Amino acid sequence: MLFRSAPGEVHVWHANLVGGFPGDSAILDVEERARAGRLLMLDGRAQFIAAHAFTRIVIAHYLGCAPETVRFAYAPQGKPFLAEQENSSGLRFNASRSGGYAAVALTLAREVGVDVEAIAPRAGLHMLIDRALCETERARLSALTGTEREAAFFRFWARKEAYLKARGLGLAIPPNAVDTASLDALRVKGEPETGWRVEDVKLAPGYAAAIAGEGRDWRVTTVRAFTEPAR
(Lines give C-alpha, C1' and ligand atoms only; values in the text may rest on other atoms or scores of the structure.)
Protein backbone atom coordinates (compact mmCIF):
# COMPACT_ATOMS: atom_id res chain seq x y z
CA MET A 1 0.00 0.00 0.00
CA LEU A 2 1.75 3.13 -1.22
CA PHE A 3 0.39 6.66 -1.02
CA ARG A 4 1.46 10.25 -0.67
CA SER A 5 1.14 12.37 2.45
CA ALA A 6 -1.17 15.39 2.47
CA PRO A 7 -1.60 18.27 4.94
CA GLY A 8 -3.43 17.07 8.03
CA GLU A 9 -2.20 13.48 7.67
CA VAL A 10 0.45 11.66 9.67
CA HIS A 11 1.53 8.37 8.13
CA VAL A 12 3.13 5.76 10.38
CA TRP A 13 4.95 2.92 8.63
CA HIS A 14 5.98 0.03 10.88
CA ALA A 15 7.84 -3.24 10.43
CA ASN A 16 9.20 -6.22 12.33
CA LEU A 17 12.99 -6.19 11.97
CA VAL A 18 13.64 -9.54 13.66
CA GLY A 19 15.23 -11.96 11.23
CA GLY A 20 16.41 -9.20 8.93
CA PHE A 21 14.94 -6.56 6.66
CA PRO A 22 15.23 -6.31 2.85
CA GLY A 23 17.73 -3.45 2.98
CA ASP A 24 21.40 -3.41 3.89
CA SER A 25 24.24 -1.14 4.94
CA ALA A 26 24.98 -0.23 1.31
CA ILE A 27 22.15 2.34 1.35
CA LEU A 28 23.33 3.97 4.59
CA ASP A 29 25.61 6.98 4.65
CA VAL A 30 29.14 7.05 6.06
CA GLU A 31 28.05 8.24 9.51
CA GLU A 32 25.34 5.58 9.82
CA ARG A 33 27.76 2.83 8.82
CA ALA A 34 30.31 4.10 11.33
CA ARG A 35 27.69 4.09 14.11
CA ALA A 36 26.68 0.55 13.17
CA GLY A 37 30.31 -0.55 13.25
CA ARG A 38 30.69 0.66 16.83
CA LEU A 39 27.91 -1.66 18.03
CA LEU A 40 29.51 -4.79 19.50
CA MET A 41 26.43 -7.04 19.62
CA LEU A 42 25.70 -8.55 16.22
CA ASP A 43 21.92 -8.56 16.74
CA GLY A 44 21.96 -4.91 17.79
CA ARG A 45 24.09 -3.98 14.78
CA ALA A 46 21.80 -5.86 12.40
CA GLN A 47 18.71 -4.16 13.85
CA PHE A 48 20.38 -0.73 13.67
CA ILE A 49 21.18 -1.26 10.00
CA ALA A 50 17.71 -2.62 9.27
CA ALA A 51 15.97 0.27 11.07
CA HIS A 52 17.99 2.93 9.27
CA ALA A 53 17.55 1.19 5.94
CA PHE A 54 13.81 0.98 6.59
CA THR A 55 13.67 4.70 7.38
CA ARG A 56 15.51 5.55 4.17
CA ILE A 57 13.30 3.28 2.06
CA VAL A 58 10.11 4.87 3.43
CA ILE A 59 11.38 8.45 3.04
CA ALA A 60 12.65 7.74 -0.47
CA HIS A 61 9.17 6.58 -1.47
CA TYR A 62 7.74 9.99 -0.54
CA LEU A 63 10.59 11.97 -2.13
CA GLY A 64 10.64 9.83 -5.27
CA CYS A 65 14.36 9.12 -5.05
CA ALA A 66 16.74 6.25 -4.31
CA PRO A 67 17.13 5.44 -0.57
CA GLU A 68 20.90 5.89 -0.65
CA THR A 69 20.53 9.48 -1.94
CA VAL A 70 18.50 10.68 1.08
CA ARG A 71 20.57 13.21 3.04
CA PHE A 72 20.01 14.13 6.66
CA ALA A 73 20.89 17.13 8.77
CA TYR A 74 20.65 17.38 12.55
CA ALA A 75 19.19 19.92 14.96
CA PRO A 76 21.32 21.11 17.93
CA GLN A 77 19.77 18.47 20.23
CA GLY A 78 20.34 15.73 17.66
CA LYS A 79 16.92 15.44 16.00
CA PRO A 80 17.40 14.38 12.36
CA PHE A 81 15.65 16.16 9.52
CA LEU A 82 15.87 16.11 5.74
CA ALA A 83 18.47 18.36 4.15
CA GLU A 84 16.63 21.35 2.72
CA GLN A 85 18.01 20.98 -0.79
CA GLU A 86 16.27 17.60 -1.05
CA ASN A 87 13.00 18.54 0.59
CA SER A 88 11.05 21.21 -1.27
CA SER A 89 7.83 19.39 -0.28
CA GLY A 90 8.24 20.20 3.43
CA LEU A 91 8.21 16.53 4.43
CA ARG A 92 8.99 15.94 8.12
CA PHE A 93 9.75 12.59 9.71
CA ASN A 94 10.73 10.83 12.90
CA ALA A 95 11.73 7.22 13.59
CA SER A 96 11.84 4.83 16.53
CA ARG A 97 12.73 1.20 17.21
CA SER A 98 12.43 -1.10 20.21
CA GLY A 99 12.70 -4.84 20.72
CA GLY A 100 13.10 -5.56 17.02
CA TYR A 101 10.20 -3.38 15.90
CA ALA A 102 10.52 -0.07 14.02
CA ALA A 103 8.24 2.81 13.10
CA VAL A 104 8.64 5.85 10.86
CA ALA A 105 6.19 8.77 11.07
CA LEU A 106 5.89 11.25 8.20
CA THR A 107 3.85 14.37 7.64
CA LEU A 108 3.95 17.71 5.84
CA ALA A 109 4.85 21.12 7.25
CA ARG A 110 4.60 20.23 10.93
CA GLU A 111 6.98 18.73 13.46
CA VAL A 112 6.26 15.12 14.37
CA GLY A 113 7.57 12.56 16.85
CA VAL A 114 7.05 8.82 17.21
CA ASP A 115 8.06 6.37 19.90
CA VAL A 116 7.76 2.58 20.15
CA GLU A 117 8.38 0.70 23.38
CA ALA A 118 8.48 -3.06 23.87
CA ILE A 119 6.29 -3.93 26.86
CA ALA A 120 8.38 -6.27 28.99
CA PRO A 121 9.43 -6.71 32.63
CA ARG A 122 12.21 -4.30 33.50
CA ALA A 123 14.47 -4.32 36.54
CA GLY A 124 13.98 -1.29 38.75
CA LEU A 125 10.63 -0.38 37.22
CA HIS A 126 9.52 1.25 40.46
CA MET A 127 12.51 3.61 40.28
CA LEU A 128 11.71 4.49 36.67
CA ILE A 129 8.12 5.22 37.66
CA ASP A 130 9.26 7.54 40.45
CA ARG A 131 11.79 9.31 38.26
CA ALA A 132 10.02 9.52 34.90
CA LEU A 133 6.32 9.94 35.65
CA CYS A 134 4.50 12.96 37.01
CA GLU A 135 2.26 12.80 40.06
CA THR A 136 -0.94 12.32 38.03
CA GLU A 137 0.54 9.45 36.03
CA ARG A 138 1.88 7.75 39.16
CA ALA A 139 -1.59 7.98 40.68
CA ARG A 140 -3.04 6.20 37.64
CA LEU A 141 -0.52 3.39 38.03
CA SER A 142 -1.08 3.00 41.77
CA ALA A 143 -4.30 1.05 41.19
CA LEU A 144 -2.65 -1.38 38.75
CA THR A 145 -0.46 -4.43 39.26
CA GLY A 146 1.61 -6.87 37.22
CA THR A 147 1.41 -6.74 33.45
CA GLU A 148 -1.26 -4.02 33.49
CA ARG A 149 1.07 -1.77 35.44
CA GLU A 150 3.96 -2.47 33.04
CA ALA A 151 1.80 -1.79 29.98
CA ALA A 152 0.48 1.48 31.44
CA PHE A 153 4.00 2.64 32.28
CA PHE A 154 5.24 2.04 28.74
CA ARG A 155 2.21 3.82 27.27
CA PHE A 156 3.03 6.88 29.35
CA TRP A 157 6.70 6.60 28.43
CA ALA A 158 5.95 6.32 24.68
CA ARG A 159 3.74 9.41 24.86
CA LYS A 160 6.43 11.43 26.62
CA GLU A 161 9.15 10.32 24.23
CA ALA A 162 7.02 11.07 21.18
CA TYR A 163 6.33 14.60 22.46
CA LEU A 164 9.94 15.32 23.41
CA LYS A 165 11.18 13.96 20.08
CA ALA A 166 8.65 16.06 18.17
CA ARG A 167 9.84 19.16 19.99
CA GLY A 168 13.49 18.22 19.39
CA LEU A 169 14.35 19.24 22.94
CA GLY A 170 16.35 16.24 24.07
CA LEU A 171 16.57 16.35 27.86
CA ALA A 172 15.91 20.09 28.11
CA ILE A 173 12.50 19.16 29.54
CA PRO A 174 12.62 16.25 32.02
CA PRO A 175 10.13 13.44 31.29
CA ASN A 176 8.36 13.92 34.63
CA ALA A 177 7.51 17.50 33.61
CA VAL A 178 5.33 16.14 30.77
CA ASP A 179 1.88 15.02 31.96
CA THR A 180 0.28 12.59 29.51
CA ALA A 181 -2.26 11.07 31.92
CA SER A 182 -5.04 12.60 29.77
CA LEU A 183 -4.39 12.88 26.05
CA ASP A 184 -7.12 15.51 25.84
CA ALA A 185 -5.26 17.70 28.32
CA LEU A 186 -1.52 17.43 27.69
CA ARG A 187 0.41 19.51 30.22
CA VAL A 188 4.07 20.53 30.35
CA LYS A 189 5.58 21.92 33.54
CA GLY A 190 2.06 22.21 34.92
CA GLU A 191 0.74 24.34 32.04
CA PRO A 192 -1.66 23.24 29.25
CA GLU A 193 0.20 22.45 26.02
CA THR A 194 -2.32 23.70 23.48
CA GLY A 195 -0.02 23.83 20.47
CA TRP A 196 0.69 20.10 20.39
CA ARG A 197 -1.23 16.84 20.52
CA VAL A 198 -0.27 13.27 21.46
CA GLU A 199 -2.10 10.15 20.30
CA ASP A 200 -1.65 6.45 21.07
CA VAL A 201 -1.29 4.16 18.05
CA LYS A 202 -1.64 0.38 17.86
CA LEU A 203 1.20 -1.14 15.87
CA ALA A 204 1.80 -4.69 17.15
CA PRO A 205 0.94 -6.86 20.17
CA GLY A 206 3.39 -6.36 23.01
CA TYR A 207 4.31 -2.80 22.08
CA ALA A 208 3.21 0.64 23.19
CA ALA A 209 3.47 3.43 20.63
CA ALA A 210 2.53 7.08 20.37
CA ILE A 211 2.59 9.97 17.91
CA ALA A 212 3.03 13.65 18.76
CA GLY A 213 2.57 16.52 16.35
CA GLU A 214 2.21 20.27 16.09
CA GLY A 215 -1.36 21.53 16.18
CA ARG A 216 -4.48 19.47 16.73
CA ASP A 217 -5.80 19.18 13.16
CA TRP A 218 -4.08 15.96 12.10
CA ARG A 219 -5.05 12.31 11.83
CA VAL A 220 -3.00 9.12 11.79
CA THR A 221 -2.89 6.37 9.19
CA THR A 222 -0.76 3.28 9.88
CA VAL A 223 0.86 1.08 7.25
CA ARG A 224 2.44 -2.26 8.12
CA ALA A 225 5.31 -2.70 5.73
CA PHE A 226 5.77 -6.45 6.15
CA THR A 227 3.46 -9.06 7.63
CA GLU A 228 6.32 -11.45 8.34
CA PRO A 229 10.03 -10.96 9.09
CA ALA A 230 12.30 -11.41 6.09
CA ARG A 231 14.01 -14.79 5.98
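This section reports on the structure supplied with the text. If you're wondering where the values come from, they're calculated on a predicted model, not measured in any experiment. Each chain has its residues counted from 1, running along the sequence as written. Predicted model: local features are reported for residues with pLDDT of at least 70 only, side-chain atom pairs are reported and counted for 80 or more only, and whole-chain, interface and lining totals are derived from all residues. Hydrogens and water are ignored here; the side-chain numbers use all heavy atoms of the structure.

This part is about the side chain of Glu9. In DSSP terms, a helix is any run of H or I states spanning at least four residues, a strand is any run of E spanning at least two, and both are numbered starting from the N terminus. Its location among the elements puts Glu9 in strand 1 (residues 9-16). What qualifies as a polar contact is a pair of N or O atoms within 3.5 Å, subject to a donor-acceptor requirement within protein and to the restriction that residues adjacent in sequence count only when both atoms come from side chains. Polar side-chain contacts of Glu9 include one of 2.8 Å to the side chain of His11. At 3.5 Å, the side chain of Glu9 and the side chain of Arg219 are in polar contact.

Strand-to-strand pairing in sheets goes through backbone hydrogen bonds, with the strands running parallel or antiparallel. Strands are treated as partners if at least two bridges between them are detected by DSSP. Reading across from one edge, 7-8-9 is the order of the three strands in this open sheet, with antiparallel pairing throughout. Each edge of the sheet is formed by a strand with only one pairing partner; in this case those strands are strand 7 (178-179) and strand 9 (191-192). With two bridges joining them, strand 8 (residues 187-188) and strand 9 adopt antiparallel strand pairing. Looking across to strand 9, one finds that Arg187 is bridged to Pro192.

Strand order in the open sheet made by the four strands is 4-5-1-12, with mixed pairing throughout. Pairing within the sheet leaves two strands with one partner each, and these edge strands are strand 4 (91-98) and strand 12 (219-224). Each strand axis lies, on average, 20° off the axis of its neighbour in the sheet, ignoring direction. Pairing between strand 1 and strand 5 (residues 101-108): six bridges, direction antiparallel. Looking across to strand 5, one finds that His11 is bridged to Leu106. The contact criterion used throughout is that any non-hydrogen atoms of two residues lie within 4.5 Å. The convention used is that axes are lines fitted to C-alpha atoms, helices contributing only their stretch in contact, and that angles between N-to-C directions extend from 0 to 180 degrees. Lying on the sheet, helix 2 (residues 42-63) is in contact with strand 1, strand 4 and strand 5; it crosses strand 4 at an angle near 155°.

Everything listed here is a matter of geometry and, on its own, says nothing about what the molecule does.
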